[in-house]
Structures are given as C-alpha cells and as structure tokens.
Amino acid sequence: MPTVSVGRDRLFTALGRSYTQEEFEDLCFSFGIELDDVTTEKAIISKEKHLEEEKPTADDEIIYKIEVPANRYDLLCLEGLAQALLVFNGKEKIPKYTVANISKASMLKMHVKKETSLIRPFIACAVLRGITFDEASYNSFIDLQDKLHQNICRKRTLVAIGTHDLDTLQGPFTYEALPPPEINFVPLKQAKNFRADELMEFYKSDLKLKKFLHIIENSSVYPVIYDRNRTILSLPPIINSAHSAITLKTKNVFIECTATDLTKAKIVLNTMVTTFSTYCKRKFEVEPVEVISFDGKSSVYPDLSEYNMEVPLSYITGSIGVPLEVDEVTSLLKRMQLHAEKAESDEAKISVSVPPTRSDILHPCDVMEDVAIAYGYNNIPKRTLSSLKPLPLNQLSDLIRYEIAMNGFTEVLTWILCSKKENFEMLNRKDDKSTAVIIGNPRSSDFEVVRTSLMPGMLKTVGHNKDHPKPIKIYEVGDVVLLDEKKDVGASNRRLLGALYCGANSGFELIHSLVDRIMEVMGTPFVPVGDKSGYFIELSNEPEFLSGRQAKIIYKGGRIGIFGIVHPEVLNNFDIPDPCSFLELDIESFL
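So, how was this worked out
Residues numbered from 1 in each chain as written. Predicted model: local features only at pLDDT ≥ 70, side-chain atom pairs only at ≥ 80, totals over all residues. Heavy atoms only, no water. Helix = DSSP H or I, 4+ residues; strand = E, 2+ residues; numbered from the N terminus. Rg over C-alpha atoms; globule rule 2.2 N^0.38 Å. Buried < 20%, exposed > 50% of the residue type's maximum accessible area, 1.4 Å probe, protein only. Contact = heavy atoms within 4.5 Å. UniProt positions renumbered as here; feature names shortened; annotations may be inferred. Pairing = 2+ DSSP bridges. Axes fitted to C-alpha atoms, helices over the stretch in contact; angles between N-to-C directions. Salt bridge = Lys/Arg side-chain N within 4 Å of Asp/Glu carboxyl O. Expected span 1.5 Å × (residues − 1). Arc of directions from axis to C-beta. Domains from an automatic or database assignment. Buried area = accessible area lost by both parts, 1.4 Å probe. Polar contact = N/O pair within 3.5 Å; in protein donor to acceptor, adjacent residues only side chain to side chain. Nonpolar A, V, L, I, M, F, W, Y, C, P; charged D, E, K, R; others polar.

1. A closer look at the overall build of the chain
Move 1: Each helix and strand counted, the chain has 15 helices and 28 strands in total.
Move 2: The C-alpha atoms of the chain give a radius of gyration of 33 Å, which is well past the 25 Å a tight globule of 591 residues would have.
Move 3: Once the C-alpha set of the chain is aligned to its principal axes, its extents read approximately 95 × 65 × 60 Å.
Move 4: Within the chain, the fraction of its 591 residues that count as buried is 48%.
Move 5: Partitioning the intrachain contacts of the chain with sequence separation of at least 6 by distance along the chain shows that 69% fall at a separation of at least 24.

2. Section: the UniProt feature "domain: B5" (unreviewed entry) in the chain
Move 1: Here, the residues flagged by UniProt with the feature "domain: B5" (unreviewed entry) are residues 304–382.
Move 2: Within residues 304–382, the helical portion is 38% and the strand portion 20%, while the C-alpha atoms at the span's ends are 40 Å from each other.

3. Side note on the pairing of strand E6 (residues 122–128)
Move 1: Among the 7 residues of E6, 6 are classified as buried, and the element is accordingly described as predominantly covered.
Move 2: Relative to strand E14 (residues 253–259), E6 is paired through 7 bridges, and the arrangement is antiparallel. Bridging across to E14, Val127 finds its partner in Phe254.
Move 3: For E6 and strand E15 (residues 285–292), the ladder comprises 2 bridges, and the chain directions are antiparallel. Along E15, the bridge assignment pairs Val127 with Glu287.

4. Some remarks on the sheet that holds strand E2 (residues 34–40)
Move 1: Strand order across the open sheet formed by 3 strands is E1-E3-E2, with antiparallel pairing between neighbours. Of all the strands in the sheet, just strand E1 (3–7) and E2 have a single pairing partner and so form its edges. Looking at each pair of strands side by side, their axes are set apart by 25° on average, direction ignored.
Move 2: Contacting E2 and strand E3 (62–67), helix H2 (residues 21–31) runs over the sheet at an angle of about 145° to E2.

5. A word on the side chain of Glu422
Move 1: Position of Glu422 among the secondary structure elements: in helix H12 (residues 420–423).
Move 2: In this structure Glu422 comes out as buried when scored by relative accessible area, which is 10%.
Move 3: The residues contacting Glu422, other than those within four sequence positions of it, are Leu427, Pro456, Lys460 and Phe574.

6. What to know about the pattern of salt bridges
Pairs can form between side chains of opposite charge whenever their charged atoms are close.
Move 1: If you walk through the whole model with that rule in mind, you get 33 salt bridges.
Move 2: For Lys208, the salt bridge goes to Asp146, with nearest N and O atoms at 3.9 Å. You can see Lys208 sitting in the loop between helix H6 (196–202) and strand E11 (222–226) and its partner Asp146 sitting in helix H5 (residues 135–150), a full 62 residues away along the chain.
Move 3: Across the pair Arg517 and Glu520 runs a salt bridge, and its minimum N-O distance is 3.4 Å. In this pair, Arg517 and Glu520 both sit in helix H14 (residues 508–521), 3 residues apart, roughly one turn of the helix.
Move 4: Taking relative accessible area as the criterion, Glu520 reaches 55% and is therefore assigned exposed.

7. What about the side chain of Ser140?
Move 1: Along the chain, Ser140 falls in helix H5.
Move 2: Judged by its relative accessible area of 8%, Ser140 falls in the buried class.
Move 3: Setting aside residues up to four positions removed in sequence, Ser140 forms contacts with Cys77, Leu78, Glu79 and Phe276.

8. Things to note about the environment of Phe88
Move 1: Among the secondary structure elements, Phe88 is positioned in helix H4 (residues 78–88).
Move 2: Separated by 247 residues in sequence, Phe88 and Arg335 place their C-alpha atoms 4.3 Å apart.
Move 3: Beyond its immediate stretch of four places on either side in the chain, Phe88 contacts Leu27, Ser30, Phe31, Arg335, Met336 and Ala374.

9. Re unusual backbone geometry
Move 1: Here the amide bond leading from Pro236 into Pro237 is cis, since omega sits at 0°, within 30 degrees of zero.
Move 2: Within the secondary structure layout, Pro237 lies in the loop between strand E12 (232–235) and strand E13 (239–240).
Move 3: A cis amide bond links Tyr301 with the next residue in sequence, Pro302, at an omega value of 0°.
Move 4: Structurally, Pro302 can be placed in the loop between strand E16 (298–301) and strand E17 (307–312).
Move 5: For Lys155, which is not a glycine, the phi torsion comes out positive at approximately 55°.
Move 6: With a phi angle near 55°, Lys556 is a residue other than glycine that sits in the positive phi range.

10. Focus: H14
Move 1: Look at H14: 20 Å from first C-alpha to last across 14 residues, which is about the 20 Å you get at 1.5 Å a residue.
Move 2: Buried residues of H14: Ile511, Leu514, Val515, Ile518 and Met519, and no others. Around the axis of H14, the buried residues are gathered within 130° of arc, so they sit on the same side. Residues Glu509 and Glu520 are exposed on H14 and point more than 90 degrees away from its buried face.
Move 3: Of the surrounding elements, those touching the buried residues of H14 are helix H11 (392–406), strand E24 (491–502), strand E25 (535–539), strand E26 (545–555), strand E27 (558–566) and strand E28 (580–586).

11. Some details on the domain arrangement of the chain
Move 1: Its domain assignment divides the chain into domain 1 (3–72), domain 2 (98–301), domain 3 (307–376) and domain 4 (392–590).
Move 2: In this complex, domain 1 contributes 4 residues to the contact, which on the side of domain 2 involves 5 residues.
Move 3: Summed over both sides, the interface of domain 1 with domain 2 buries roughly 330 Å², with 35% coming from carbon and sulfur.
Move 4: Among the residues of domain 1 in contact with domain 2, Thr3, Arg10 and Ala70 are the three that bury the most area, contributing 83% of the side total.
Move 5: The interface formed by domain 1 and domain 2 holds 0 salt bridges in total.
Move 6: Counting across the domain 1 and domain 2 interface gives 2 residue pairs in polar contact (both at pLDDT 80 or more).
Move 7: Its residues placed into classes, the side of domain 1 that touches domain 2 shows 2 nonpolar, 1 polar and 1 charged.

12. As for the environment of His567
Move 1: Tracing the chain through its elements places His567 in the loop between E27 and helix H15 (568–573).
Move 2: Filtering out sequence-adjacent residues up to four positions away, His567 remains in contact with Asn428, Pro543, Glu544, Phe545 and Leu546.

Next comes the structure, spelled out in structure tokens:
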C-alpha cells in the first residue's frame, strides 16, 4: 500500500479546520485510509542518512504518513487527498473537470514518428495554463510524479512522465526514436552536453536513475522529444532536458507521458492534470494537445469525459447487507466523488457517472464498495451468511484444536516450507526422492522443500525456546504436502495433528494418553490387533524415534499416525537438551 507524506498544518489548512490526532485517525478510518505514522522532516532525513534522530523542536514541521489504497492514484498527494476529504465531509461539491474549448487548429501538436514503435510507441500530452506554484505545491507536483512512477507506471517501464516549462519551448513537437550517438543535450541538473550513449554510462553511478537504464539501454534507438527548433525536451524514460526544467516561476506546464501501455498513460496524464489544475488561473480546466501518429491518425488528450454505468440497487444493498433507499445510496456515492442519481430507464437502478479522477471504478462491485465505505463498515450489522458452511475438514480441525487445548497444550504455527536437511537428515530420515515436493527456485536454503511432517517445525520451536519453563506442551494442526502421481498436479495435501511434550522426563505416557483421548472424542474404540472396527497400536521402527519406545496407530486396517520418544540424535540436531515425546496423526482419516 502506498504511503503519502504530507505536512500536517498544510493539510489542515486545506481541509479548513484543525483536528486532534485521534479525530484525524477517525476521519481516515471512515474514508478507508489510515494514518500510518506521525514524524518530522528532520526525523525522516536522519533515518534516511542513518543518523541519530534529533529531538524535535517547536518549529519542526509535523509530517503525517498516510497509507492509501494502491489503486487510488488520485490520493497520492496532498492536493488530491484534501479534495477527496473535503467532498467526503460535504464541505465541497465534486469538481467538474473540463478541457479548454479551443479549435484543433489552435492546439499544440505532437507528431509521432514511425520509429517510436520499435521502443516506446505511445505518447499523451496536455498543458496546465496559468498555474501558480509555491514551494510546497511545487514539491508536491514533483512528488506525485515519483509516486506514480513507482506505482501505476511500474518504475517507468509502462509510463514515464515529463513536465516542462512551455514558455521555454516552441511547438509543434515531435516524438522520435534515433540512434544514441545522434542525440545530444544537457540533461536536468547538469551543465555539460552529453550524447545519449555517454549519458547511459554517466548515470550507471547515479543511485536514483541507474535502475531505469535497462528499459532502453540495449535498444538500437532511443526515444526523444523535440520542439520546433530541435531543442530536446526529454530522453524518456530516463531524464528531462535542463532547457525546459520547471521552476517556481513557471506559469505554463507542458506534460508528456510516453508509454508502452496507452491506457496507463491516459490514467497517469488525467491524474496529473486533474490534481494540479486546482492551481490554474481557470480552476479545473486543462488545455488539450493533439497527438498525430505517423499514419495520420489524430487523438486529442486529455480525455476528461465521465464514464457512465448503471448499478442495480439490489446488488448494492444485497452485497453490503443493509437495506438502503435510492436517495441514501446516491448521497453516499456523492461523498465518494461519484455523481449518482436514480436511473431513468429503471427506478431500481442507480446511474453512476465516474469522473476522470476515479480510474479505480471498473465494475459495479467498485461502486458497491464505495457505498459501504461511505456508510461505514462499523455500521454494517454482523451476520452469518446462510450459504456459508465450513468444510468438514475445517470443522473437524477446530474440534480437535479445542480438545487438545483443553488438555493443556498450546497451539503453534510453523512454516510450511523448510530445508531438505530439516525434513530428512536432521530427523535421521533418508530422502527417497518420492516423498517431498522440491521448490524449483528457493530464495534461501531455509525454504527448499514443502514439509512432509509437522515434526521439524515443532522441534525448531522447542529448540528456540529451550529456556522456557518446563514442561513445554505444544501442538499444531496443519497441512503437509506429499508427492502423489494420482493427482493432476502431482502432489496432495494432508491435514495432520502434531503434539509434542518436552520436560524433565520423556512424557511418553502423556502423549499416549492424548492419543487415547482423541480416539475417544472421535468415537473410535480401542480394539484387539487386526480388528477393523476401531483402532489399535503396533510396534514401529522409525529412525526419528527411540527403538522400542514408539508405536504406529492403525485405524480401519491402515496406519494413520505414530507416536514415541524422540531419538537423542534428533534432539541434538535441533539443539534440545531435554527428552521429548511426539505424536503425529492424520486427521483426514476420520472424515
């Protein structure tokens, strides 16, 4: 989930009132976001530089770190966040974003050359006219670009944003793709002229930009944008030109988004222009740019039209579980920046107009979710769905958990992945290559195979807690995975119960009594050897247990488990100094 850092005082000014931290946390919760942390600018810088944190002073700016949903690109900066919260609180109406009414002949033009299809084929552009920046809004403008680059742009692989001072340029513009030696310009924050191939080498030592070089460096042509005078605007997706850099004095901003995914480019462009058109002389108005493809096709950006859909009222109320009238639903949706009214075609439907800021609304379920957020999740009554029935295996697992806990055992949860050594060698077992599922590309040696027994994880738990007061009585109900040629995926899950006793003595009799109690609860009687009407135990000879101090559990003619005193060598492998007894039982056998 992305985290947005905003100045508390500036945010409260934008919201038109001050909040206590508790009040603001409640507002965030109601809106579906979260106040993740409260810090200061000095503390953030100290942490980034790994310095000792300085004590906050009275004039330190308080920074709120707010966690927002990953698909809410409109909330990635203070301006979008404040606008959404003002509408949510009913202090402002939903903004109406418009494209300036100018003729195609008067529009700025962006001509796209055919060679761009070899590297980065799409571009979308727009202009913010008469914009006024102060230091805070300028920094927010730059920060939003960085947030979008990391999020929807997928580290500039899908979309790269370029912003330029239009007054330093002359249209029309051309978007081209040329061999690297033919591209020469002074990049942003540099004074020297570089050839594009030299620039690639130069930025290999740049901590911020080197991670983007791979996107184009192996291509025979690099994308580049020129103005009418062949002045370079940018070398996307790497760096803009110093010539057109925006400053606090910039009044007209030209925005270009080059992309490998046109849909993403449109969303990114819309997010940038709608968010910062609030600072334009004509508020919420954006000047369009005509993009002319090499094949003569023409497109005008940005597209700020609203997307319309009709959603059945029954779908919304049925999914949320709250009986709401049409007027209530439309009122709640307006708080979430969605225009809504009763559908003319059907009174049982809601007509919803989705503004260009809400690219996350794709389906009626997204509309339903917004209604639930505005209504308040805590206000929705809890109920058990009539159609929701737990699986028999899960019901049985819960019953067994309850029974073992009543016998004084504490539940543990261990990793389902482990190393080959833990699964075999440390248990004195040999790997016959026909039991365990091997992880093809493990991230570490600790996660090489899927466990075939609960024993390694439980012994590791005791080994890491050997200083805990004795006795230690733990259990786990969990899945193991075994190779199985009969299954289409080549493996099958089995639900097992593992129980372990560790103390001054082995506790073998306690583990044995636990077996008897589980069988009694399952309604399975103890019967003579060979009788299939219940269960009995037989001597076993497994290497992880002491010889002569172990037994296998036979139920309906088949082995379903084993228990015994753990072999001293196994205990030593897991660094456990005290004797232990262990039980493992296949509980699926009782279904």
